Amino acid sequence: MKESNKARCGVASFACAAIAASIAGAAPVIVPAPREMSVTGGECRMSGEPKVETVAGIPPEGYELSVTKDGVTIRSSDAAGAFYARMTLAQIEQRDAKTKAKVYPCLEIRDAPQYKWRGVLIDDCRHFFGKEKVKRVMDLMARHKLNRLHWHLTDDQGWRLDIPGYPELARHSSVRAASAKHGTRPHVNMKDYSSLLNWEKYGPYFYTEADIREMVAYAAERHITIVPEIELPGHVYAALSAYPELACFPERLKGKGPLCAWGIEKDVLCVGNDKAVKFMEDVLDYVCRLFPGDTIHIGGDECPQVRWKDCPKCQARVKAAGLRSEQDLQPWLTRHFLQFLAARGRRAVGWDEYLLGDVPQSAIGMSWRAGGGGAGHKFLTPLECVKRGHDLVMTPRTHCYLDYGQGLADDPYQYIGGRVTLEKAYSFDPCEGIPQELRAHILGGQGNNWSEYTWNEYDLEWKMWPRTCAIAEAVWTGDKKPGFADFKARMAQHRRRLLASGVNCAPIE
Ligand code: ACM
Ligand code: ZN
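Residues numbered from 1 in each chain as written. Chains lettered and ligands numbered in written order. Predicted model: local features only at pLDDT ≥ 70, side-chain atom pairs only at ≥ 80, totals over all residues. Heavy atoms only, no water.

J.: Go over the coordination of the zinc ion (ligand 2), please, and point to the residues and values.
T.: Bound to the zinc ion (ligand 2) on the protein side are Cys 248 (SG), Cys 270 (SG), Cys 311 (SG) and Cys 314 (SG), at distances that span 2.3 to 2.4 Å. Bound by 4 donor atoms, the zinc ion (ligand 2) shows angles of 106 to 113 degrees at the metal and therefore tetrahedral coordination geometry. Written as a sequence motif, the donor residues of the zinc ion (ligand 2) are C-x21-C-x40-C-x2-C. Residue Cys 248 is found in the loop between helix H6 (237–242) and helix H7 (274–290), and its partner Cys 314 is found in helix H9 (residues 312–320); the two are separated by 66 residues along the sequence. Residues Cys 248 and Cys 314 agree in their burial class; the two are buried. (Donors = N, O, S within 2.8 Å, 3.2 Å for Na, K, Ca; no water. Tetrahedral: all angles 85-135°; square planar, octahedral: opposite > 155°, others 65-115°. Helix = DSSP H or I, 4+ residues; strand = E, 2+ residues; numbered from the N terminus. Buried < 20%, exposed > 50% of the residue type's maximum accessible area, 1.4 Å probe, protein only.)

J.: Provide a residue-level description of the packing of helix H3 (residues 131–143) against helix H5 (residues 209–221), including the pertinent values.
T.: Running from N to C, H3 and H5 cross one another at 15 degrees; their axes reach a closest spacing of 10 Å. Here H5 runs roughly parallel to H3, going by the angle between their axes. Note that H3 runs across H5; the crossing there is right-handed. On the side of H3, the interface is formed by Lys 131, Glu 132, Val 134, Lys 135, Met 138 and Asp 139, while H5 contributes Asp 211, Glu 214, Met 215, Tyr 218 and Ala 219. A breakdown of the residues in the contact of H3 with H5 according to their chemical character gives 5 nonpolar, no polar and 6 charged. (Axes fitted to C-alpha atoms, helices over the stretch in contact; angles between N-to-C directions. Parallel < 35°, antiparallel > 145°, perpendicular 65-115°, else oblique. Left-handed = near helix turned anticlockwise from the far one by under 90°. Contact = heavy atoms within 4.5 Å. Nonpolar A, V, L, I, M, F, W, Y, C, P; charged D, E, K, R; others polar.)

J.: So what's going on with the packing of aromatic side chains? Residues and values would help.
T.: As enumerated under the stated definition, the model contains 21 aromatic pairs in all. When the centroid spacing of 5.6 Å and the interplanar angle of 55 degrees are considered together, the rings of Tyr 413 and Trp 462 count as tilted. Taken together, the positions of Tyr 413 in the loop between strand S16 (404–405) and strand S17 (417–419) and Trp 462 in helix H14 (residues 457–464) put the pair 49 residues apart, joining distant regions of the chain. Taking relative accessible area as the criterion, Tyr 413 reaches 22% and is therefore assigned partly exposed. Residue classification places Trp 462 among the buried positions, given a relative accessible area of 11%. Three or more aromatic residues joined by ring pairs form one cluster here, namely Phe 128, Trp 151, Tyr 202, Tyr 205, Tyr 207 and Phe 291. Directly above the aromatic system of Tyr 453 lies the positively charged group of Arg 185, at a separation of 5.1 Å from the ring centroid. (Phe/Tyr/Trp six-rings, centres within 6.5 Å; stacked < 30°, edge-to-face > 60°. Lys NZ or Arg CZ within 6 Å of the ring centre and 35° of its normal.)

J.: Can you explain the nonpolar core? Please cite residues and give values.
T.: Leu 149, Trp 151 and Trp 159 are the most contacted members of the largest nonpolar core, which totals 129 residues. For this core, the element with the highest residue contribution is H7, accounting for 10 residues. Not counting residues up to four positions away in its chain, the partners in contact with Leu 149 are Val 120, Ile 122, Val 134, Val 137, Met 138, Met 141, Ile 224, Thr 225, Ile 226 and Val 227. Judged by nonpolar contacts, the second largest core, of 21 residues, contains Tyr 63, Ile 92, Ala 142 and Trp 476. (Core = buried A, V, L, I, M, F, W, Y, C linked by side-chain atoms within 4.5 Å.)

J.: Any details on H7? Residues and values, ideally.
T.: For H7, which comprises 17 residues, the first-to-last C-alpha distance of 24 Å matches the rise-based estimate of 24 Å (1.5 Å per residue) to within 8%. By the burial criterion, the buried members of H7 are Ala 276, Val 277, Phe 279, Met 280, Glu 281, Val 283, Leu 284, Tyr 286, Val 287, Cys 288 and Leu 290. Two to three positions downstream of the cap, the backbone nitrogen of Lys 275 sits 2.8 Å from a side-chain oxygen, assigning the N-cap of H7 to Asn 273. (Expected span 1.5 Å × (residues − 1). Polar contact = N/O pair within 3.5 Å; in protein donor to acceptor, adjacent residues only side chain to side chain.)

J.: Now, about the side chain of His 127: what can you tell me, with residues and values included?
T.: Position of His 127 among the secondary structure elements: in the loop between strand S7 (117–123) and H3. Residue classification places His 127 among the buried positions, given a relative accessible area of 11%. One polar contact links His 127 to Tyr 202, side chain to side chain, over a distance of 3.2 Å. Of the polar contacts made by the side chain of His 127, one reaches the backbone oxygen of Trp 455; its length is 3.4 Å. Not counting residues up to four positions away in its chain, the partners in contact with His 127 are Tyr 202, Ser 451, Thr 454, Trp 455 and Asn 456.

J.: How would you sum up the sheet that holds strand S11 (residues 225–232)? Please name residues and give values.
T.: Spatially, the 8 strands close up into a barrel ordered S7-S8-S11-S12-S13-S14-S15-S18, and their pairing is parallel. Averaged over all pairs of adjacent strands, the angle between their axes in this sheet comes to 30 degrees, without regard to strand direction. Bridge count between strand S15 (residues 392–394) and strand S18 (residues 442–449): 3 bridges; the pairing is parallel. By the bridge assignment for S18, Leu 392 is matched with Ile 442. Strands S7 and strand S8 (148–152) of the sheet are contacted by H3, whose axis makes an angle of about 155 degrees with S8. The sheet contacts of helix H10 (residues 329–342) involve S11, strand S12 (295–299) and strand S13 (347–351), and relative to S12 the element is tilted by about 160 degrees. (Pairing = 2+ DSSP bridges.)

J.: Any chance you could break down the confidence of the model for the protein chain for me, citing the residues and the numbers?
T.: For the protein chain, per-residue confidence averages 94 on the pLDDT scale, and residues scoring 70 or more make up 94% of the total. For the stretch residues 1–25, pLDDT sits under 50, and the model shows 49 contacts to residues farther than four places along the chain or on other chains. (pLDDT = per-residue confidence, 0-100.)

J.: Requested: an account of the pairing of strand S14 (residues 364–367), with residues and values cited.
T.: The side-chain alternation of S14 yields two buried faces, one formed by Ile 364 and Met 366 and the other by Gly 365 and Ser 367. Pairing of S13 with S14, which is carried by 3 bridges, proceeds in the parallel orientation. Paired with Val 349 across the bridge in S14 is Ile 364. Note: S14 against S15, 3 bridges, orientation parallel. Bridging across to S15, Ser 367 finds its partner in Met 394.

As structure tokens, then:
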């Protein structure tokens, strides 16, 4: 990585974005594109601040931006709208080379997001980024009018939250004995993958209460809601390795630590054990106290039921709760935690499999298997989800999985597989296949940065950008998207802004 690429600039400092934008005579380049814009000709030279007016009736997060020769006026009905107007202004700002005055092209913009959920998932379990790097992600999200940081904090490979009453989570579950050697693909189903591991201790890496409060405040300043994810009942191996008594067969976990390979692990939470349910209640209660957002993600993906089938406690739960079989245990647990979160004023969101079975409509789905479930995996299609009355966040892996290859001619980084080109990401339509009358259930969409094969922030940025720009346009501009050719032309310039801000943005090919 070149030293120049390591220069950083945050939201509060727009200088680097502005420098790269100052391409004489260029049409204003805004990403994501505003839904309505007319360029009226001429320019505004400004030394002061824009006039900001609160006007009822402008949609939530929306704004009107009027640039005339006499000055700049921002109108919005809420603070988020005014913030996004400033994000747009930062992109169109140029500097007079001599006087250094700010110069804007005269234009009128009426803009508002098509979708209210415009997200980015960061996987801090497989690779721990830490506060400063996650803040950096939030800076870049804000510049692209993205408003949900889905923070994947617990998984088989690491637990990243200190939880009062469970000290082993921070001490034991945040440390991995080894990770995959770069270029290898160890998988939990392999008989012996030890030669594929680097045997370097990874951790302890976790966030304290003070860290989380700092991050929540940082997000709020950028109109970002953090959606913490606590995986249950699967993907909990890191926690079980510290507290084996929470698993169906504790002896299987004794002496173990977080997994060093990736895949779908069969040892999951013992849903028949009241102590295991209480553990998750304690965790989620604390999470609700730390994170003020309206939704909490409770995972729910890739949970095998083989241990439940053989576990006396789980089978006793099946009987006592009047369930048909262990297949009903996950919906039983989901119903429990929907109620638990509702009592704390929150809605649960979970990966699409968690909607299988008897799950109330209040459960929000996060649809990732759309476009193909993979052999042997049951899931509900987006249409089935919304027909059942669930709200849905779309993150189809066909368009939104940024750990998939981007199809570049020359790419130094490792991907998990698959392919999501920039054009494919741009074609993301959260409402695809959903009839008009059910579209209100589609809350929006997000790009997912799973980090099994991401080793640092440069690697992350390369995978995120420019594809996250395409996703931002899908969820902000939505059905008013000007098309891929227009986007590509704007991105040629916008990429220069990102590079000038030190972002390791992949090329536009
Ligand atoms: C997922 O990619 N397992 C949600
Ligand atoms: Zn069990």
